[in-house]
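Chain and residue survey
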Amino acid sequence: MYRELRIAVVIPAFNERGKIAATVATVPELVDHILVIDDASHDDTSRQAELAALGRSDPARVEVIRHTANRGVGGAITTGYRRAIEIGADIAAVMAGDGQMDPGDLPALLDPIADGRADYAKGNRFLHPAIWTTMPASRIVGNLVLSAATRVTSGYRHVFDSQCGYTAIHRRALAAIELGELFPRYGYPNDLLSRLHVADMRVVDVPVRPIYGPTWRSGIHLGTVLHPMPWVLLRSWTTRIAVQARRRARSLGDDAGWTRRRERVVPGA
């Protein structure tokens, strides 16, 4: 446990046989449950994760769940979130299966939630001084564009690095949104932010170290920018605006009803 909170780490993985073992092995001991979600890999990602679990001092804490069909990274994370809720985790963090996240940054993501200051903490690599020398230029440009757009569509004007998947979320935030309605593929974090805003959840950015290696694969490319990201952002924005408009209408209706009732009780007031 961490600060009297039960912690689960969700690790979505697709064709990560060469990296998943190291990722599983380096998850900090403070974590109660390690949930590897193999999103129908074509290789032996699941087997490598299971072998890595045997090498830990706490192999029983590792659970490997394999999808029979590929659902996308968002779908894999959703499976992990649901399992985290089932096993009683208070906080579910997400760490990628390719080792692109520093395990040493995990406590910094958990602390705002443990302190009661946030319901969702997300990594922001742009707050780390190594960003400009470590992150590839194409990735920087893509992130700047998508982060600026997500600030508008999500309603969280203070957050940045929207595509960073290193996150931690409290179970109350997971209970406040419809997990089954989240966009299942690339664009999942952008959609999630918008839904958290609708649910009035508190979100904070936390500096995390950017990690890139020679075999790193970017999720941002021209096809992603053209499709499906614009659709995901538009859907998130329209959904948020529609929900907020309905809330305002209900509030105005409630106020009008209260005024009419008051006038009947106190004529001429």
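Scroll up a little and you will see the structure.
Described below are features of the structure shown in this document. (Residues numbered from 1 in each chain as written. Predicted model: local features only at pLDDT ≥ 70, side-chain atom pairs only at ≥ 80, totals over all residues. Heavy atoms only, no water.)

1. Let's talk about the packing of aromatic side chains
Stated formally: Classification of ring pairs uses Phe, Tyr and Trp, with its six-membered ring standing for Trp, and accepts pairs whose centres are within 6.5 Å; under 30 degrees between planes counts as stacked, over 60 as edge-to-face, and the remaining range as tilted. Burial status follows relative accessibility: with a 1.4 Å probe on protein chains alone, a residue under 20% of its type maximum counts as buried, one over 50% as exposed, and anything between as partly exposed. The secondary structure listing takes helices from DSSP runs of H or I that are at least 4 residues long and strands from runs of E that are at least 2 residues long, numbered from the N terminus.
For the structure on display, the rule yields two aromatic pairs. With a centroid separation of 5.8 Å and 75° between ring planes, the pair formed by Phe126 and Trp132 is classed as edge-to-face. Trp132 sits in the exposed class, given a relative accessible area of 56%. On the numbers, 5.4 Å between centres and 85° between planes, the contact of Phe126 with Phe160 is edge-to-face. A residue pair is termed long-range when its members are at least 10 positions apart, and Phe126 in the loop between β5 (120-124) and α5 (131-134) and Phe160 in the loop between α6 (137-154) and β6 (167-170) qualify at 34 residues. As far as burial versus exposure is concerned, Phe126 and Phe160 are alike and both buried. Aromatic rings pair up to connect Phe126, Trp132 and Phe160 into one cluster.

2. Topic: helix α4 (residues 106-114)
This is how it is decided: In this context, the arc is that of the directions from the helix axis out to the C-beta atoms. Here, residues are in contact when the closest pair of their heavy atoms is within 4.5 Å.
Listed as buried for α4 are Leu106, Leu109, Leu110, Pro112 and Ile113. Projected down its long axis, α4 carries its buried residues within an arc of 155°, all on one side. Buried residues belonging to α4 abut β1 (7-13), β4 (91-94), β5, β6 and β7 (203-207). A positive phi of about 85° marks Gly116, the residue just after α4.

3. Comments concerning a nonpolar patch on the surface
Under the convention used in this document: Two joining distances apply to patches: 9 Å for like charges and 5 Å for nonpolar side chains (Val, Leu, Ile, Met, Phe, Trp, Tyr), and every residue must have over 30% relative accessible area and no salt bridge. Note on areas: these come from Shrake-Rupley sampling with a 1.4 Å probe, and a residue is covered only by the protein chains present in the view. Salt bridge, as used here: a side-chain nitrogen of Lys or Arg that lies within 4 Å of a carboxyl oxygen of Asp or Glu.
A surface patch of nonpolar side chains, amounting to about 470 Å² of accessible area, comprises Val152, Trp231, Leu234, Trp237 and Ile241. Mapped onto the elements, Ile241 comes out in helix α10 (residues 229-265).

4. Description of the sheet that holds β1
What counts here: Any two strands are treated as partners once DSSP identifies two or more bridges connecting them. Where helices are involved, their axes are fitted lines through C-alpha atoms of the stretch in contact, as for all axes, and angles between N-to-C directions lie from 0 to 180°.
Within the open sheet, the seven strands sit side by side as β3-β2-β1-β4-β6-β5-β7. Their pairing is mixed. For this open sheet the edge positions go to β3 (62-66) and β7, each flanked by a neighbour on one side alone. On average, each strand axis in the sheet is tilted by 20° relative to the strand beside it, whichever way the strands run. Here β1 runs beside β4; their pairing, made up of four bridges, is parallel.

5. Here's the deal with the environment of Gly155
Note on placement: Gly155 falls in the loop between α6 and β6. Once residues within four sequence positions are removed from consideration, Gly155 is found in contact with Thr150, His197 and Arg240.

6. Brief notes about the packing of α6 against helix α8 (residues 188-198)
As a reminder of what qualifies: Between 65 and 115 degrees an angle is taken as roughly perpendicular, under 35 as roughly parallel, over 145 as roughly antiparallel, and anywhere else as oblique. Should the near helix be turned anticlockwise from the far one by less than a right angle, the crossing is termed left-handed; should it be turned clockwise, right-handed. Ten residue types, Ala, Val, Leu, Ile, Met, Phe, Trp, Tyr, Cys and Pro, are classed as nonpolar, four, Asp, Glu, Lys and Arg, as charged, and the remainder, Gly among them, as polar.
Contact geometry for α6 and α8: axes closest at 9 Å, N-to-C directions at 25°. Comparing their axes, α8 and α6 come out roughly parallel. Regarding α6 and α8, the two cross each other, and that crossing is right-handed. Facing α6, whose interface residues are Leu146, Thr150, Thr153 and Ser154, α8 presents Asn190, Leu193, Ser194 and His197. For the contact of α6 with α8, the class distribution of residues is two nonpolar, six polar and no charged.

7. Section: helix α2 (residues 45-54)
Among the residues making up α2, those that are buried are Thr45, Ser46, Gln48, Ala49, Ala52 and Ala53. Projection of α2 onto a plane perpendicular to its axis shows the buried side chains occupying an angular sector of 165°, all on one side. Tucked inside the fold, the buried residues of α2 contact β1, α1 (20-25), β2 (33-38) and β3.

Everything listed here is a matter of geometry and, on its own, says nothing about what the molecule does.
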